[in-house]
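Single-letter residue listing:
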Amino acid sequence: MKRRHFFSGAATAVAAASAASVSRVALAALPEAPSYGSADTAAPLAPPSGRPYQPVVTLNGWTLPWRMNAGVKEFHLVAEPVVREVAPGFMVNMWGYNGQSPGPTIEVVEGDRVRIFVTNRLPEHTSVHWHGQRLPSGMDGVAGLTQPHIPPGKTFVYEFTARRPGTFMYHPHADEMVQMAMGMMGLWITHPKARHPLIAEVQRDYAFLLAAYDVEPGSLTPKVNTMTDFNIWTFNSRVFPAIDPLVARLGDRVRIRVGNLTMTNHPIHIHGHEFEVTGTDGGPVPKSARWPEVTTDVAVGQMRQIELIADEPGDWALHCHKSHHTMGAMGHDVPTMIGVDHRGLVGKIQKIIPDYMVMGERGMADMGAMEMPLPDNTFPMMTGTGPFGPLEMGGMFTTLKVRQGLPAGDWRDPGWYQHPAGTVAREWAGAPADASAPRQTPPGQAPGAPSVRKPGTSHENHCPP
């Protein structure tokens, strides 16, 4: 982690809204602005000062350090252009905070007095909205409505008390369409100050944001005017298989916090376990309003906090259940070629276009195992390899890895699960099915009613008598 000093004088710090509560002494020296240059998941940041809490693990991200100043917890966010590694070899020009997109997670404790310095290193003005927080109107961060815009090269300061525990976000409220499409967002976690009747103690606490981008293969910068036709779907601006797994010890209570700043909803699904939605950005959910689920829909601008008991060992998929959100960069105008006979055609086309290959004649699964040249600065549409072969995934997909005997503070990938003998689906090696054996007689069908038949057979041969 690198540390950089951006400004040293009071003249460069401009209060956002009611600056009277910040003294000249406080503004005379800004806290340092840490920067994290890795796309890996950082270890949780144990609080070095202030009230204790159990920190979160930000998937493929990190937590922003702070300093204590006369009882106030001070942070320094820097809004700036960044280059994010979305997948190995695939870099995207984004805007973010402190060297990353999403920006660093801010962690505080209920009741903390918080002061956030925001330095603007973007080519245009900006602001920061503290999504879901109870605070004075002048600190809400809506440029033009509750505060002046933060001009390029200037530093504003926000100050308020973290009044309620929960999972929140921060993002611009200035030129939102461009700045959020470029990746400007981050997580905010407010931990309870004491045991809370609706907030359980957990052994693992993970957090990440959902984001989508439209990056044409071979290019570096997202198309900010795209409204619906995105092609890069990410957990914390990473795509599978570059997304780190969530790791848990057998029997751990696991909390997963998910925020959605895309332009559509995402049904987040976990295999092998049931969970409950225990909180939203509105606060903890009453126990009487919870029910077991395996999928929860996270709508635009929402936070969902889910909890489960990791009581099934193995490698379990965790993904968005919109299947095109678990794919890499793809063209949406590619025609469906299932069932088209290419025999004799491919060789003729390759005489003119040597790199031509058949796509989708038998479905798209072949794409997961193909090795073919890709445009510069992109990644495969279907990729990833597991212990049994191609995973044929991409985008919003990762794994929950549950292991017995995993040390409490160990967040590292334990590798692939070693299945006990006899617990893996396998090819049937017994007697083949007897094709001549009588089958269940289908029910009668009225003349003219809808029917179904196998491809390549006539409709008449399969109509009921």
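Quantities reported herein were computed from a predicted structural model and do not represent experimental measurements. (Residues numbered from 1 in each chain as written. Predicted model: local features only at pLDDT ≥ 70, side-chain atom pairs only at ≥ 80, totals over all residues. Heavy atoms only, no water.)

Undergrad: Can you lay out the layout of surface pockets for me, pointing to particular residues and giving the numbers?
TA: Its volume calculated, the second largest pocket comes out at about 640 Å³. In this structure, the second largest pocket is lined by 30 residues; those nearest its centre are Asp 315, Leu 391, Phe 397, Thr 399 and Trp 416. Secondary structure elements with two or more residues in the lining of the second largest pocket: strand S23 (314-320), strand S24 (383-386), strand S25 (389-393) and strand S26 (397-403). Tallied by class, residues from the lining of the second largest pocket come to 16 nonpolar, 10 polar and 4 charged. (1 Å grid on protein atoms, 1.4 Å probe; cavity = no way out; pocket = protein on both sides within 12 Å on 5 of 7 lines; lining within 4 Å. Points joined across faces, edges and corners; volume = space filled by probe spheres on them. Helix = DSSP H or I, 4+ residues; strand = E, 2+ residues; numbered from the N terminus. Nonpolar A, V, L, I, M, F, W, Y, C, P; charged D, E, K, R; others polar.)

Undergrad: Quick one: what's the story with the sheet that holds strand S16 (residues 246-249), residue by residue and with numbers?
TA: One open sheet accounts for 5 strands, arranged S16-S26-S23-S18-S21; its pairing is mixed. Two strands in the sheet have a free side with no partner beyond their single neighbour: S16 and strand S21 (295-298). Strand-to-strand twist of the sheet, defined as the mean angle between neighbouring strand axes without regard to direction, takes the value 20 degrees. Where S23 and S26 come together, 6 bridges link them in antiparallel fashion. Its bridge partner being in S26, Ala 317 is matched across the sheet by Thr 399. (Pairing = 2+ DSSP bridges. Axes fitted to C-alpha atoms, helices over the stretch in contact; angles between N-to-C directions.)

Undergrad: Give me the pattern of salt bridges: which residues, what numbers.
TA: This model, assessed by the stated rule, comprises 19 salt bridges. Here Arg 238 ties to Glu 85 by a salt bridge, and the two come within 2.9 Å at their closest N and O atoms. Of the two residues, Arg 238 is situated in the loop between strand S15 (232-235) and S16 and Glu 85 in strand S6 (residues 72-87); the sequence distance between them amounts to 153 residues. Look at Arg 238 and you get buried, because its relative accessible area is 5%. (Salt bridge = Lys/Arg side-chain N within 4 Å of Asp/Glu carboxyl O. Buried < 20%, exposed > 50% of the residue type's maximum accessible area, 1.4 Å probe, protein only.)

Undergrad: Account for the nonpolar core, with residues named and values stated.
TA: Formed by 33 residues in total, the largest nonpolar core has its most connected members in Phe 75, Leu 77, Ile 106, Ile 116, Trp 130, Tyr 158 and Trp 188. Broken down by secondary-structure element, the contributors of at least two residues to this core are S6, strand S7 (90-97), strand S8 (106-109), strand S9 (113-120), strand S11 (155-161) and strand S12 (166-171). Setting aside residues no more than four positions away along its own chain, Ile 116 makes contact with Phe 75, Leu 77, Trp 130, Phe 156, Val 157, Tyr 158, Phe 160 and Trp 188. With 31 residues, the next largest nonpolar core counts Phe 208, Trp 233, Ile 306 and Met 396 among its residues. (Core = buried A, V, L, I, M, F, W, Y, C linked by side-chain atoms within 4.5 Å. Contact = heavy atoms within 4.5 Å.)

Undergrad: Outline the side chain of Arg 304, listing residues and values.
TA: Inspection of the secondary structure assignment puts Arg 304 in strand S22 (residues 303-309). At 4.7 Å, Asp 281 is the nearest oppositely charged side chain to Arg 304, a buried residue that forms no salt bridge. Within polar-contact distance, the side chain of Arg 304 engages the side chain of Gln 302 at 3.1 Å. Contact partners of Arg 304, with chain neighbours within four places excluded, come to Ile 256, Arg 257, Val 258, Val 277, Gly 279, Thr 280, Thr 296, Asp 297 and Val 298. (Lys, Arg positive; Asp, Glu negative; His and termini not counted. Polar contact = N/O pair within 3.5 Å; in protein donor to acceptor, adjacent residues only side chain to side chain.)

Undergrad: Can you tell me about the sheet that holds S12, naming the residues and giving the values?
TA: Pairing in this open sheet of 4 strands is mixed, and the strands run S8-S13-S12-S10 from one edge to the other. This sheet does not close on itself; its edge strands, each paired only once, are S8 and strand S10 (129-131). Each adjacent strand pair in this sheet contributes to an overall mean axis angle of 25 degrees, direction not counted. Both S12 and strand S13 (residues 186-191) contribute to a ladder of 5 bridges, which runs antiparallel. By the bridge assignment, Thr 167 is partnered in S13 with Ile 189.

Undergrad: For the confidence of the model for the protein chain, give the residues involved together with the corresponding values.
TA: Confidence in the prediction for the protein chain averages 86 pLDDT; 81% of positions are at 70 or higher. Note that residues 1-22 has pLDDT below 50 and, in this model, 62 contacts with residues that lie over four places away or in other chains. (pLDDT = per-residue confidence, 0-100.)

Undergrad: Give me the lowdown on the pairing of S26, citing residues and values where you can.
TA: The element S26 is extensively covered by neighbouring structure, given that 7 of its 7 residues are classed as buried. Judged by which residues are buried, S26 turns out to be covered on both faces: Phe 397, Thr 399, Lys 401 and Arg 403 on one side and Thr 398, Leu 400 and Val 402 on the other are all buried. Relative to S26, S16 runs parallel, the two being bridged by 4 bridges. Pairing of Ala 248 across the sheet is with Val 402, part of S26.

Undergrad: Kindly report on the environment of Ile 309, identifying the contributing residues and their values.
TA: Along the chain, Ile 309 turns up in strand S22. Those residues in contact with Ile 309 that lie beyond four places of it in its chain are Gly 251, Asp 252, Arg 253 and His 273.

Undergrad: Break down the packing of aromatic side chains for me, with residues and values.
TA: Two measures describe an aromatic ring pair: the distance that separates the ring centres and the angle between the ring planes. Within this structure, the stated rule accounts for 12 aromatic pairs. Here the aromatic rings of Phe 230 and Trp 233 are separated by 6.0 Å at their centres, their planes lie at 70 degrees, and the arrangement is edge-to-face. Each member of the pair, Phe 230 as well as Trp 233, carries the same accessibility label: buried. By the ring-pair criterion, three or more aromatic residues cluster together here, those being Tyr 97, Trp 130, Tyr 158, Phe 160, Tyr 170 and Trp 188. (Phe/Tyr/Trp six-rings, centres within 6.5 Å; stacked < 30°, edge-to-face > 60°.)

Undergrad: Any details on unusual backbone geometry? Residues and values, ideally.
TA: Looking along the chain, the bond that leaves Ser 101 and enters Pro 102 is cis, with omega of -5 degrees. Along the chain, Pro 102 falls in the loop between S7 and S8. Phe 240 connects to Pro 241 through a cis peptide bond whose omega is 5 degrees. Relative to the helices and strands, Pro 241 resides in the loop between S15 and S16.

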